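Observations on chain architecture
For reference, the chains in residue letters:
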Amino acid sequence: MQVYDSHCHIGLDGKVAPEDDHSRAVAASVGALLVVGIDAPTSQAARELARLPGVRWSAGLHPNDSTKFDEQWAIIDELGHDPSCVAIGETGLDCFRDRTPLAQQEHSLRAHLALARKLDKPVIFHCRDAFEPLFRVLDDEEPVRGVMHCFSGGIPEAKKSLELGLHLSFAGPLTYPKNDVLREACAYAPLDRVLVETDAPFLPPQSRRGRRNEPALIIETLTRLAEVRGLSLEAAAAATYDNTIRLFG
Ligand SMILES: [Zn+2]
């Protein structure tokens, strides 16, 4: 079995060496990881982690860090041009933590979209309590390839995201007992548009809630995804692995 963690931030919290997270992941059949940048320093660090086998990386500025745009965008733009950088983001909108004005988040989001189109690279979208404003921006822009990372909506939001050509990536919340609406969306999406991720060190699956997450724990989320889709674990792993390769190359 070969599993792809399509979105993680190993090394970010400084609590565990990224090499240790990586080797435990490999031992758990998670042989491919996409390490996602959330600002200029973490995008640079993600590029360095690509020395580890199976690690890919992205460059972007998280919506909650949009206030750093003027200071950091030139670096992120340059990192995005690196041929080994497989995606632009994470970017998007976040109305949950409102420390960054939405107008500033949108300005940064549109810059990411322009860069992704110019480079023909997929976009990693963060969307927290922000489907309405995010869909408004995406309807207004030319289409891009990409993924709704840690998808958190129901069927209507899944449908709209799929119509925009995006993939949906499911994280630890898929395992939370109350999240039937999310599981319905997971069952609804065409299998070839579904990815799986940890968002580690954040969002641990149910059995580790309140603790630190790591890529090896993706198996719990993938097991739930397989159940929801009526697949074997191996078939769910193979489908999400192939989808992630197709999206990010
Ligand atoms: Zn993330």
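Residues numbered from 1 in each chain as written. Predicted model: local features only at pLDDT ≥ 70, side-chain atom pairs only at ≥ 80, totals over all residues. Heavy atoms only, no water.

**Side note on the pairing of strand E5 (residues 123–128)**
Keep this limit in mind: Three labels apply to residues, based on accessible area from a 1.4 Å probe with only protein chains included: buried if under 20% of the type maximum, exposed if over 50%, partly exposed otherwise in between. Under the scheme used here, helices are H or I runs from DSSP no shorter than 4 residues and strands are E runs no shorter than 2 residues, and both carry numbers assigned from the N terminus. Any two strands with at least two DSSP-identified bridges between them are counted as paired.
Burial of E5 is extensive: five of the six residues sit out of reach of the surface. By the bridge criterion, five bridges tie strand E4 (residues 85–94) to E5 in an arrangement that is parallel. Bridging across to E5, isoleucine 88 finds its partner in valine 123.

**As for the coordination of the zinc ion**
As a reminder, the rule being used: The donor definition counts N, O and S atoms within 2.8 Å of each metal and applies 3.2 Å to Na, K and Ca; water is not among these atoms, so some sites may look incomplete. Working rule for geometry: tetrahedral if four donors all subtend angles between 85 and 135 degrees; square planar for four, octahedral for six, if opposite donors exceed 155 degrees and the others stay between 65 and 115; irregular in every other situation.
In the first shell of the zinc ion, the protein supplies His7 (NE2), His9 (NE2), Glu90 (OE) and Asp199 (OD), at 2.1 to 2.5 Å from the metal. Of note is the zinc ion, whose four donor atoms meet at the metal with angles of 82 to 179° in an arrangement that counts as irregular. Look at where the donors of the zinc ion fall in the sequence and you get H-x1-H-x80-E-x108-D. Placement of histidine 7 in strand E1 (residues 4–8) and of aspartate 199 in the loop between strand E8 (194–196) and helix H8 (218–229) is noted, with a sequence separation of 192 residues between them.

**Digging into the packing of aromatic side chains**
Rules: Only Phe, Tyr and Trp rings take part, Trp by its six-membered ring, and two of them pair if their centres are within 6.5 Å. Stacked means planes under 30 degrees apart, edge-to-face means over 60, and tilted covers everything else. For a Lys NZ or an Arg CZ to count as sitting over a ring, it must be within 6 Å of the ring centre and within 35 degrees of the ring normal.
Taken as a whole, this structure holds five aromatic pairs when the rule is applied. Members of the aromatic cluster, each reached through a chain of ring pairs, are Phe131, Phe135, Phe151 and Phe170. Over the ring of tyrosine 176 we find arginine 209, and its NZ or CZ is 3.5 Å from the ring centre.

**Some remarks on the pattern of salt bridges**
Should the charged atoms of two oppositely charged side chains come close, the side chains can pair. Here is the rule we go by: Salt bridges are defined as contacts in which a side-chain nitrogen from Lys or Arg sits within 4 Å of a carboxyl oxygen from Asp or Glu.
Following the criterion strictly, the structure yields 18 salt bridges and no others. The closest approach of N and O atoms between arginine 24 and aspartate 21, which form a salt bridge, is 3.4 Å. Residue arginine 24 and its partner aspartate 21 are located together in helix H1 (residues 18–27), separated by three residues, close to a single helical turn. Through salt bridges with shared partners, a single network forms among Glu106, Arg110, Arg117, Arg136, Asp140 and Glu141.

**Some remarks on the nonpolar core**
Inclusion rule: Only buried residues count toward a nonpolar core, which is a set of Ala, Val, Leu, Ile, Met, Phe, Trp, Tyr and Cys residues joined through side-chain atoms within 4.5 Å. Residue contacts are defined here by distance: any two heavy atoms, one from each residue, within 4.5 Å place the two residues in contact.
Formed by 59 residues in total, the largest nonpolar core has its most connected members in Phe125, Met148, Phe151 and Phe170. Ignoring sequence-local partners within four residues, the contact set of phenylalanine 125 consists of Thr91, Leu109, Leu113, Leu134, Leu138, Val144, Val147, Met148, His149 and Leu166. Counting residues in each nonpolar core, the second largest holds 11 residues, with Ala32, Val36, Val86 and Val147 among its members.

**A short note on unusual backbone geometry**
A cis amide bond links glycine 89 with the next residue in sequence, glutamate 90, at an omega value of 20°. Mapped onto the fold, glutamate 90 is located in strand E4. Note the cis peptide between alanine 200 and proline 201, where omega equals 10°. Here proline 201 lies in the loop between E8 and H8. Of note in this structure, aspartate 199 is not a glycine but carries a positive phi near 60°.

**Details of the environment of isoleucine 218**
Structurally, isoleucine 218 is set in helix H8. Since its relative accessible area comes to 0%, isoleucine 218 is described here as buried. Separated by 46 residues in the primary sequence, isoleucine 218 and glycine 172 have C-alpha atoms spaced 7.7 Å apart.

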